[in-house]
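Examination of the molecular architecture
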Amino acid sequence: MRRFTSVHDLINGPGLDVAIHDALEFARHPWINTEIGRRRTVGLLFMNPSLRTRMSTQKAATLMGAETIVLNAGSDSWTLETRDGVVMDGSSTEHIKEAAAVMGAYCDVLGLRTFASLTDRDADYAEDVLEKFITHAGVPVVSLESATRHPLQSFADLITIEQFKPTPRPKVVLTWAPHPKALPQAVANSFIEWMSAANVDLVVTHPKGYELAPEFVSGVAVTNDQDEALAGADFVYAKNWSSYEQYGQILSQDRSWTVTEDKMSLTNNAKFMHCLPVRRNMIVTDGVIDGPNSIVIPQAANRVVSAQTALYYLLKGPA
Ligand code: AN0
Ligand code: CP
């Protein structure tokens, strides 16, 4: 595999079922393959903050025997320009083209985290920054969250659902929840994309105005009635996102969408999931996230597993 940027890289590569099988094997036996990364280097470039992605991807590389080099653009490396053809007379010191090529000269696999601009929808949905990075890196690239997707998160989410599902085809509900700042649609888009490829019954619910991009939701059950969506759910996945139509805007912070104990009582004793970081008592009440059905910590722990599986395929090379 040359890139891990969406579920399609697994579907067109090793196959999603094989990848889930391999991931569950890594979850049970983390040290099963310490040779594949030996004498190889994984470079991770962060253009945005991170706790989980940063630590879990480093940990995953260590489990495979690889070294890691981690850079935060703009603090421990130069500020990066990502637009083409601009006169670089502003605050950015280096272009992503040279940065990617140089990192590719030092490393065997590269990772990039870059959020959506939330101002230029066309550039965000063309994955302008990630695609430039891939073009110039010259080595396999793993997305550490891009403008429109977060594949390592969604893969970890799927692994978690596989581990906790009470029936072969569980009902999974993705619900929008309020947040004080404008967030990308990436986690929601990506979750929908992975769940659509998996053996689950997916329902998406959000207030009017928070419709996601047609390329992600076409054919998916979507309702503006959160209570109706939650009925009979086996998993409740909460996430905030800003508007796609009024791109990057916060249209509401309606707290009636917060996931509460009352909301959870509508479900089939559902497990609660969130990618973290989470705003308590905005997205979800303390009672739910601290309660016995919250699986946010095992979910976050599975970030090591998803990263390990993805790095395994990237280090293995084409096939
Ligand atoms: C980011 C987002 O919503 O995409 C990263 C989540 C993994 N969240 C925040 O910035 C709070
Ligand atoms: N879930 C997730 O990607 O978290 P970080 O932003 O902390 O990496």
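Residues numbered from 1 in each chain as written. Chains lettered and ligands numbered in written order. Predicted model: local features only at pLDDT ≥ 70, side-chain atom pairs only at ≥ 80, totals over all residues. Heavy atoms only, no water.

Some words on the pairing of strand β11 (residues 235–239)
Note on strand geometry: in a regular strand, side chains alternate between the two faces of the sheet. Put simply, the rule reads: Any residue under 20% of the maximum accessible area for its type is buried, any over 50% is exposed, and the rest in between are partly exposed; the area is computed with a 1.4 Å probe on protein chains only. Put simply, DSSP H or I for four residues or longer makes a helix, DSSP E for two residues or longer makes a strand, and each gets a number counted from the N terminus. DSSP calls a pair of strands paired once it identifies at least 2 bridges connecting them.
Here β11 lies mainly inside the structure; five of its five residues are buried. Judged by which residues are buried, β11 turns out to be covered on both faces: Phe 235, Tyr 237 and Lys 239 on one side and Val 236 and Ala 238 on the other are all buried. Here five bridges tie strand β8 (residues 171–176) to β11, and the two strands are oriented parallel to one another. Bridge pairing links Trp 176 to Lys 239 in β11. Sheet topology places β11 next to strand β12 (residues 271–273); three bridges connect them, and they run parallel. Following the sheet pairing, Phe 235 is matched in β12 by Lys 271.

A word on the site of ligand 1
Note the threshold: We call a residue near a molecule or strand when any one of its heavy atoms sits within 4 Å of it. Whenever a nitrogen or oxygen atom comes within 3.5 Å of another N or O atom, the pair is scored as a polar contact, on the condition that within protein one atom can donate a hydrogen and the other can accept it, and that pairs from neighbouring residues in sequence are kept only if both atoms are in side chains. For the area figures, the Shrake-Rupley method with a 1.4 Å probe applies, and any residue is considered shielded solely by the protein chains shown. Any residue outside Ala, Val, Leu, Ile, Met, Phe, Trp, Tyr, Cys, Pro, Asp, Glu, Lys and Arg is labelled polar, Gly included; the first ten of those are nonpolar and the last four are charged.
What surrounds ligand 1 is the set Phe 115, Glu 145, His 150, Leu 183, Pro 184, Lys 239, Leu 276 and Pro 277. Note that an oxygen atom of ligand 1 is positioned 2.6 Å from one of the side-chain N or O atoms of Glu 145. Contact between ligand 1 and Lys 239: an oxygen atom at 2.7 Å from a side-chain N or O atom of the residue. When isolated, ligand 1 has an accessible area of 330 Å², and the protein chains bury 84% of it. Its residues assigned to classes, the shell around ligand 1 shows five nonpolar, one polar and two charged.

Regarding the site of ligand 2
Our working rule: What fixes the domain bounds is an automatic or database domain assignment.
Every residue close to ligand 2 is listed here: Ser 50, Leu 51, Arg 52, Thr 53, Arg 113, His 150, Gln 153, Cys 275, Leu 276 and Arg 303. His 150 is positioned such that a nitrogen or oxygen atom in its side chain is 2.8 Å from an oxygen atom of ligand 2. Cys 275 places a polar main-chain atom, nitrogen or oxygen, 3.0 Å from a nitrogen atom of ligand 2. Relative to its unbound accessible surface of 260 Å², ligand 2 loses 93% to contact with the protein. Residue contributions to the shell around ligand 2 reach at least three from each of two domains, namely domain 1 (3–149 + 303–316) and domain 2 (153–300).

Focus on the sheet that holds strand β2 (residues 41–46)
Here is the rule we go by: Only heavy atoms matter for contacts: two residues are in contact if any of them lie within 4.5 Å across the pair. The convention used is that axes are lines fitted to C-alpha atoms, helices contributing only their stretch in contact, and that angles between N-to-C directions extend from 0 to 180 degrees.
With parallel pairing, the five strands of this open sheet are ordered in space as β1-β7-β6-β2-β3. The sheet is open, and its two borders are formed by β1 (3–4) and β3 (67–72), each paired with just one other strand. Sheet contacts for helix α6 (residues 128–137): β1, β2, β6 (109–113) and β7 (141–143); angle to β6, the most-contacted strand, approximately 165°.

Section: the domain arrangement of the protein
We count it as follows: Note on definitions: buried area is the accessible-area loss of two parts on being combined, 1.4 Å probe, summed for both. What makes a salt bridge here is a side-chain nitrogen of Lys or Arg within 4 Å of a carboxyl oxygen of Asp or Glu, nothing more.
Looking at the protein, the domain boundaries give domain 1 (3–149 + 303–316) and domain 2 (153–300). Between the C-alpha centres of domain 1 and domain 2 there is a distance of 25 Å. Each partner contributes to the interface: domain 1 provides 31 residues, whereas domain 2 provides 31 residues. Between domain 1 and domain 2, roughly 2500 Å² of surface is buried when both sides are summed, and carbon and sulfur atoms account for 66% of that area. There are one salt bridge connecting domain 1 and domain 2. Between Glu 193 and Arg 149 there is a salt bridge; the shortest N-O distance is 2.7 Å. Counting the contacts that link domain 1 with domain 2 gives nine residue pairs in polar contact (both at pLDDT 80 or more). When residues of the side of domain 1 that touches domain 2 are traced back to their parent elements, those giving at least two are α1 (7–11), α2 (16–28), α5 (121–125) and α13 (296–316).

As for helix α7 (residues 151–164)
Filter applied, for reference: By this rule, a helix spans an expected 1.5 Å times one less than how many residues it contains.
For α7, which comprises 14 residues, the first-to-last C-alpha distance of 20 Å matches the rise-based estimate of 20 Å (1.5 Å per residue) to within 8%. Counting buried residues along α7, 11 of its 14 residues qualify, which places the element largely inside the surrounding structure. Among the residues making up α7, those that are buried are Pro 151, Leu 152, Gln 153, Ser 154, Phe 155, Ala 156, Asp 157, Leu 158, Ile 159, Thr 160 and Ile 161.

Overview of the side chain of Thr 148
In this fold, Thr 148 is placed in the loop between β7 and α7. Within the local environment of Thr 148, its side chain forms a polar contact with the side chain of Glu 127, the two groups lying 2.5 Å apart. Separated by 3.4 Å, the side chains of Thr 148 and Arg 149 make a polar contact. Ignoring anything within four residues of it in the chain, the contact list for Thr 148 reads Asp 124, Tyr 125, Glu 127, Ala 186, Asn 189, Ser 190 and Phe 216.

Examining the nonpolar core
Defined as follows: To define a nonpolar core, start from buried Ala, Val, Leu, Ile, Met, Phe, Trp, Tyr and Cys residues and group those joined through side-chain atoms within 4.5 Å.
Grouped together as the largest cluster of nonpolar side chains are 59 residues, with contacts concentrated most on Phe 4, Leu 10 and Leu 202. Among the elements that line this core, the one with the most residues is α13, at eight residues. The residues contacting Leu 10, other than those within four sequence positions of it, are Met 1, Phe 4, Gly 15, Leu 16, Ala 19, Phe 155, Trp 194 and Tyr 313.

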